[in-house]
Amino acid sequence: MNNFIIESLLLGLSTGTYCTMYCAPVLIPFLFGHENPAFKKNTTLLSVFLAGRFLMYLVLGAALGCAGLLASNFFDPVLARYLSYAAYIFCGTVLLISSLGPRFPWKKNITEDSEKLQNTKSCKTKNCMVKILTAIQKDWFTALMSGFATGLHICPPLWAAIARSIFGGYGIPGLFYLMFFYAGTLPFFIPLLFVPFISRALSILKRIAQITQLLLAVYFIVFAGIMQIFF
């Protein structure tokens, strides 16, 4: 059991920089750009993002195992690329909605119905018309969905961990192998806990991060997603 824990932790620690390479472009602009950059909220959003990423790992492991795609020693690179394209489009859409907000492009003149909607707790903006977009724009939802999206990137370390957890002779405890592997990657995200202290000291970073988040959303959807699929 000790070897089991050590092996999975070392795999996570040795490949954690690979994981942060996929997550940092999404997390850094998001954490710097959201409202109320308090330490508690920043920690909560980071935790929600990481939880979403881990849940996607579990879903991928179960889905690949059930589909029989773990029966060989390698993962189909074509399928891996298309999963990444889908992840970019999904993540870009989430970031786009978070950047633009529920008012755009669903604006209209104030009417009696929109005035009633304005007074509800679920919609506080003057021209907000779509309730679901108000919920989607919430920071915790963006963090969770972004975590799901980045978890779709099946990098070599993740593939090794999933395959090892299923075919390493551990049976049901293979789930814990994946958990310890994931725990080994977490120390590389610790610096992001200090984002509030930096953003409060340099307030201009918030505006830069918001613009960067919007540009990243367009890049993910168009250049890293759609164009890679069709061109």
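It should be noted that the structure appears before, not after, this text.
All values reported here derive from a predicted model rather than from experimental measurement.

Draft legend 1. Broad picture of the side chain of Ser98. With respect to the secondary-structure elements, Ser98 resides in helix H3 (residues 77–100). Using a relative accessible area of 14% as the deciding quantity, one classes Ser98 as buried. If we skip the residues at most four places from it in the chain, Ser98 touches Gln137, Thr142 and Gln213.

Draft legend 2. Up close: the pattern of salt bridges. For the coordinates displayed, the defined rule picks out one salt bridge. Measuring nitrogen to oxygen at the nearest pair gives 3.0 Å for the salt bridge that ties Lys41 to Asp139. Here the residue Lys41 occupies a position in helix H2 (residues 39–66), and Asp139 occupies one in helix H6 (residues 139–151), the gap between them amounting to 98 residues. Classification of Lys41 by relative accessible area gives partly exposed; the value is 25%.

Draft legend 3. Representation of the nonpolar core. Counting residues in hydrophobic clusters, the biggest one holds 46 residues, and the most contacted among them are Leu27, Leu31, Phe49, Leu60, Leu158, Leu192 and Phe220. Phe220 has contacts with Val26, Tyr88, Ile89, Cys91, Gly92, Leu95 and Gly225, leaving out every residue within four places of it along the chain.

Draft legend 4. Fine view of the side chain of His153. Its place among the elements puts His153 in the loop between H6 and helix H7 (156–167). Polar contacts involving the side chain of His153 include one to the side chain of Ser84, which spans 3.2 Å. In this structure, His153 is in contact with Tyr22, Ser84, Ala87, Tyr88 and Leu158, ignoring residues within four places of it in sequence.

Criteria and cut-off values
Residues numbered from 1 in each chain as written. Predicted model: local features only at pLDDT ≥ 70, side-chain atom pairs only at ≥ 80, totals over all residues. Heavy atoms only, no water. Helix = DSSP H or I, 4+ residues; strand = E, 2+ residues; numbered from the N terminus. Buried < 20%, exposed > 50% of the residue type's maximum accessible area, 1.4 Å probe, protein only. Contact = heavy atoms within 4.5 Å. Salt bridge = Lys/Arg side-chain N within 4 Å of Asp/Glu carboxyl O. Core = buried A, V, L, I, M, F, W, Y, C linked by side-chain atoms within 4.5 Å. Polar contact = N/O pair within 3.5 Å; in protein donor to acceptor, adjacent residues only side chain to side chain.

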